[in-house]
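# A structural walkthrough
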Amino acid sequence: MPQKTSSWNHWKLLTRMGRQVWAFKPESQNIDDHLKNADNFTEQELFAFHKDFAFDRQQNPTSGDRVFREQAVDTNSHPYTGKTPRAKTPEEQTLIDALVRGIHYFSQLQSDEGHWPGDYGGPLFLLPGLLIASYITETPFPKPHQEMMKVYLFNHQHADGGWGMHIEGQPTMFGTVMQYVSLRLLGVAKDDPRLLKASTWIKTNGGAASIPSWGKFYLSLLNLYDWNGFNSLFPEMWLFPKWLPVHPSRYWCHSRMVYLPMAYCQTHRIQMPENDLILSLRKEIYNEDFDSIDWAKQRNRVCEKDCYTQQSPILKWMNLLTNSFEKIIPAWLKTRTSEYLLKYINAEDAQTEYLDIGPVSKTINSICIWHAYGKDSEQFNKHVARWYDYLWIAEDGMKMSGYNGSQLWDVAFTTRAMLESDLGLLFPETIKKSYQFIDNMQILSEHETHKEFFRHPMIGSWPFSTAEQGWPVADCTAEGLSATLAIHKSGLLKADISNTRIKQAVDVILSFQNKDGGWPTYELSRSPKWLEKLNPSEIFADIMIDYSWTECSSACVIALLEILECYPDYKTAEVRQAISNGLQFVVKQQKQDGSWYGGWAVCFTYATWFAVEALVQGKDYIDANTRSACINKASDFLLDKQMPDGGWGETYESCANMEYTQAKTSQVVNTAWALLALQVANADNKEAIQRGINLLIERQLDDGDWAQENISGVFNYNCMITYSSYRNIFPIWALNRFYQQKAIKV
């Protein structure tokens, strides 16, 4: 990897707390200034980008985040001036040098605010949603943004003309239609050879009428589909008694906050007026004449390449009922429903400073607010200003992130990785900035409407990204707390996060525990699992309630164990019981082969590391024989999956198929997770661990970085997401644990 920023250095990344924005004028430090003057983008500049940041999805569809990383290193580059410890043997010195080099490189990517900016893209349906909002509201992006969005969309097209739902996925109708329409909205001609191939793919595979329901929704907004072909979301259900298990307040929050603005759009039948482009697109993506399509028959039609979950008989029956009810709904009820939906959307906007919980709800909320208040309204302009928080550029082009970043999550992991041994103390400034960020990101107050709109209590919690976005997450709180305790125990800094705030974090973690003993993501499970029968998405699984997960549960157990060590007198009985229940949940999740399924990363190596870590540290809270059997089975599983080169590697198909799917080559991230688990388990096979360590050292680049390999994140089983910092955090952590356990004398 090049060590210097390329000559094409007039792309300057403005990194603010929780905000990543591209400025096209280096001298401009204000987003409004550079957006007003951004239309001088030239073909020469686009050519220069392609030359300096070549991308080939055939080699790797996941970007290496080179644009940001090369600029960051160029800006922050400085030689390591600390004293590298000297070991007694060359092998031990190689390990120390690799660790120091790796931490030093990664520290140069840290922002002034203390977090690590990075690529959090991957899903290919996010940017199209934003472009649709931009088009409908007549709020175009500046020309440079549009050009780099085209670069991104074309870079991820498959050779057969299609696009997947995510960057590593095989072509689907949802992915292909959404990218095709987006490129046409961006001004690409329909006779562009790449679009001709895409149009052929769409028509060969049944045409856009078979797009899944989320695609039907977006196309309805554009007048490229008829609302009559979209199953009713039954918006009136929001007015039902809240104690009903099917009340939408009981949905998993991401589903709730997506289907909320969707329901508003459906209630008002928001639709783009016909124009020449819309009329042309109707011919380009359908096999049939648009006006002749029987839309009611398309409601449940889904291309076989897209269908990950099948509609249940209960859902089909409910759709029949609600579709019929929609025809006779009285106007007063529709008005009352619309008013409630808009009130809730406004509350979500206010609670998150217009960031909203995620990119899908962000774009649809924008459309709702535009519809309700107009393009010139203060509310809509606040939305538009925050569109840019979700944009990121890498060598594959400009994309929409899966959140407004993964800031707190990455900082907490990095802190723990560095402080696994005393070598992390060689980088006090990095730890200091991390601590300041963790301090600033803890949520210290409730929103005034949090009870009215079903939010979980959040004082003392940490979010996934930033406190400004403000959605509390159980395992993010646990990781934030663990990182805080690690820094306090190091003695490196004055403890600015008070005992009161630490205890508030404990209270939040305890409040998140489900009745099954496990921990969910954002909120307690609020309905029985049978509610999943009403999952209307077709492309995701387990989206209806907030389930307990192995990784979330293990992280919370570990944080509570650390609290017992540091604060032994705080809610001791309650904390002990929570740990015991949590470990019992983890044990129950173990598969017959000794692994655990990972719901939030790829996949079995990830969750198995978390589970083993919790079981080892929680040895006093679980039956010794049970614990030993679980750990031995997990170790055997991991040792069985070790590849000939000493590493481990999974593909995203492990997540989607729920079976271990080995990658063609080992992956440093999977290798690090396996090594972390085997080391904490004290696995007998020291040779296997050494071989894995050797692979991590051999794969390290000269500058201390590791190359980007396969995508490593996932959500809802079927969609992948990029964590660009994982390739640094976890190899550093695994090497640092090895250094600590070797007890090298220096």
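The text that follows walks through the structure, step by step, so that each part is easy to find. Owing to the predicted nature of the structure, the values given are computational and were not obtained by experimental measurement.

Moving on to the overall build of the protein chain. Along the protein chain, the regular secondary structure elements total 27 helices and 10 strands. Relative to the 2.2 N^0.38 estimate, which gives 27 Å for 746 residues, the radius of gyration of the protein chain is 25 Å and therefore close to what a compact globule would have. For the protein chain, the C-alpha atoms occupy an extent of roughly 80 × 60 × 45 Å along the three principal directions. Counting only residues that meet the buried cut, the protein chain has 66% of its 746 residues in that class. A separation of at least 24 residues holds for 75% of the contacts in the protein chain among residues at least 6 apart in sequence. Carbon and sulfur atoms make up 50% of the accessible area of the protein chain, which totals about 27,100 Å². A distance of 2 Å separates the average location of the 71 positive side-chain charges in the protein chain from that of its 86 negative side-chain charges.

Another aspect to go through is the pairing of strand β6 (residues 397–400). Pairing of strand β5 (residues 391–394) with β6 involves four bridges; the strand directions are antiparallel. Opposite L391, over in β6, you have M400 as the bridge partner. In this antiparallel pair of consecutive strands, β5 and β6, the connection spans two residues.

This next bit is on the environment of D291. As for its placement among the helices and strands, D291 is situated in the loop between α11 (276–284) and α12 (313–326). For the pair D291 and D226, spaced 65 residues apart in sequence, the C-alpha separation works out to 9.6 Å.

Let us now look at the packing of aromatic side chains. Going through the model one piece at a time under the given rule, you end up with 57 aromatic pairs. Taking 6.0 Å as the distance between ring centres and 40° as the angle between the ring planes, the aromatic pair formed by W409 and F464 counts as tilted. One end of the pair, W409, is in helix α16 (residues 407–418); the other, F464, is in the loop between α17 (428–441) and α18 (474–490), and 55 residues separate them in sequence. Over the ring of F154 we find R194; its NZ or CZ atom is 3.5 Å from the centre of that ring. Above the plane of the ring of W471 lies R455, whose end atom (NZ or CZ) is 3.7 Å from the centre.

All chains considered together, the criterion is met by zero disulfides. With no disulfide of its own, C603 lies closest to C655 among cysteine sulfurs, the gap being 3.9 Å.

Following both chains from N to C, one finds helix α7 (residues 173–185) and helix α9 (residues 213–221) inclined at 20°, their axes separated by 10 Å at the closest point. The orientation of α7 relative to α9 falls into the category roughly parallel. Seen along the crossing, α7 lies across α9 with a hand that is left-handed. Side by side, α7 and α9 meet where F174, V177, M178 and V181 of the first sit next to W214, G215, Y218 and L219 of the second.

A few words on unusual backbone geometry. A cis geometry characterises the amide bond from V602 onward to C603, with omega recorded as -25°. Of note, C603 is situated in the loop between α21 (572–589) and α22 (604–617). Phi at F454 takes a positive value of approximately 70°, unusual for a residue other than glycine. Turning to its location among the elements, F454 is positioned in the loop between α17 and α18. We classify F454 as buried; its relative accessible area is 11%.

This part is about helix α13 (residues 331–351). With 21 residues, α13 extends 30 Å between its outermost C-alpha atoms, agreeing within 8% with the 30 Å of an ideal straight helix rising 1.5 Å per residue. Among the residues of α13, L333, T337, S338, Y340, L341, L342, Y344, I345, A347, E348, D349 and Q351 are the ones counted as buried. Taken from the residues just after α13, E353 is the one with a positive phi, measuring 55°.

Summed over the entire model, instances satisfying the criterion amount to 27 salt bridges. With its nearest N and O atoms 3.0 Å apart, the salt bridge here joins R386 to E468. Taken as a pair, R386 in helix α15 (residues 378–387) and E468 in the loop between α17 and α18 lie far apart in primary sequence, 82 residues in all. The class of R386 is buried, set by a relative accessible area of 10%. On the accessibility criterion, E468 (32% relative accessible area) is partly exposed.

Here we come to the environment of K88. Structurally, the position occupied by K88 is in the loop between α3 (66–76) and α4 (90–107). Its relative accessible area of 70% is what places K88 among the exposed residues. Considering only alpha carbons, one finds K88 and S220, 132 residues apart in sequence, at a separation of 69 Å.

Two elements in contact, α22 and helix α25 (residues 668–680), have axes whose closest approach is 8 Å; the angle formed by their N-to-C orientations is 20°. With respect to each other, α22 and α25 are oriented roughly parallel. For the element pair α22 and α25, the recorded crossing hand is left-handed. Here α22 contributes T605, Y606, T608, W609, V612, E613 and V616 to the contact with α25, which in turn contributes N670, W673, L676, A677 and V680. Looking at the contact of α22 with α25 residue by residue, the classes come out as eight nonpolar, three polar and one charged.

Take the environment of S482 next. Relative to the helices and strands, S482 is located in helix α18. Judged by relative accessible area, S482 falls into the buried class, the value being 3%. As a C-alpha pair, S482 and T415 span 67 residues in sequence and 9.2 Å in three-dimensional space. Residues within four places of S482 in sequence aside, it is in contact with R416, A559 and E562.

So, how was this worked out
Residues numbered from 1 in each chain as written. Predicted model: local features only at pLDDT ≥ 70, side-chain atom pairs only at ≥ 80, totals over all residues. Heavy atoms only, no water. Helix = DSSP H or I, 4+ residues; strand = E, 2+ residues; numbered from the N terminus. Rg over C-alpha atoms; globule rule 2.2 N^0.38 Å. Buried < 20%, exposed > 50% of the residue type's maximum accessible area, 1.4 Å probe, protein only. Contact = heavy atoms within 4.5 Å. Areas by Shrake-Rupley, 256 points an atom, 1.4 Å probe, with all protein chains shown as cover. Lys, Arg positive; Asp, Glu negative; His and termini not counted. Charge placed at Lys NZ, Arg CZ, Asp CG, Glu CD. Pairing = 2+ DSSP bridges. Phe/Tyr/Trp six-rings, centres within 6.5 Å; stacked < 30°, edge-to-face > 60°. Lys NZ or Arg CZ within 6 Å of the ring centre and 35° of its normal. Disulfide = S-S within 2.5 Å. Axes fitted to C-alpha atoms, helices over the stretch in contact; angles between N-to-C directions. Parallel < 35°, antiparallel > 145°, perpendicular 65-115°, else oblique. Left-handed = near helix turned anticlockwise from the far one by under 90°. Expected span 1.5 Å × (residues − 1). Salt bridge = Lys/Arg side-chain N within 4 Å of Asp/Glu carboxyl O. Nonpolar A, V, L, I, M, F, W, Y, C, P; charged D, E, K, R; others polar.

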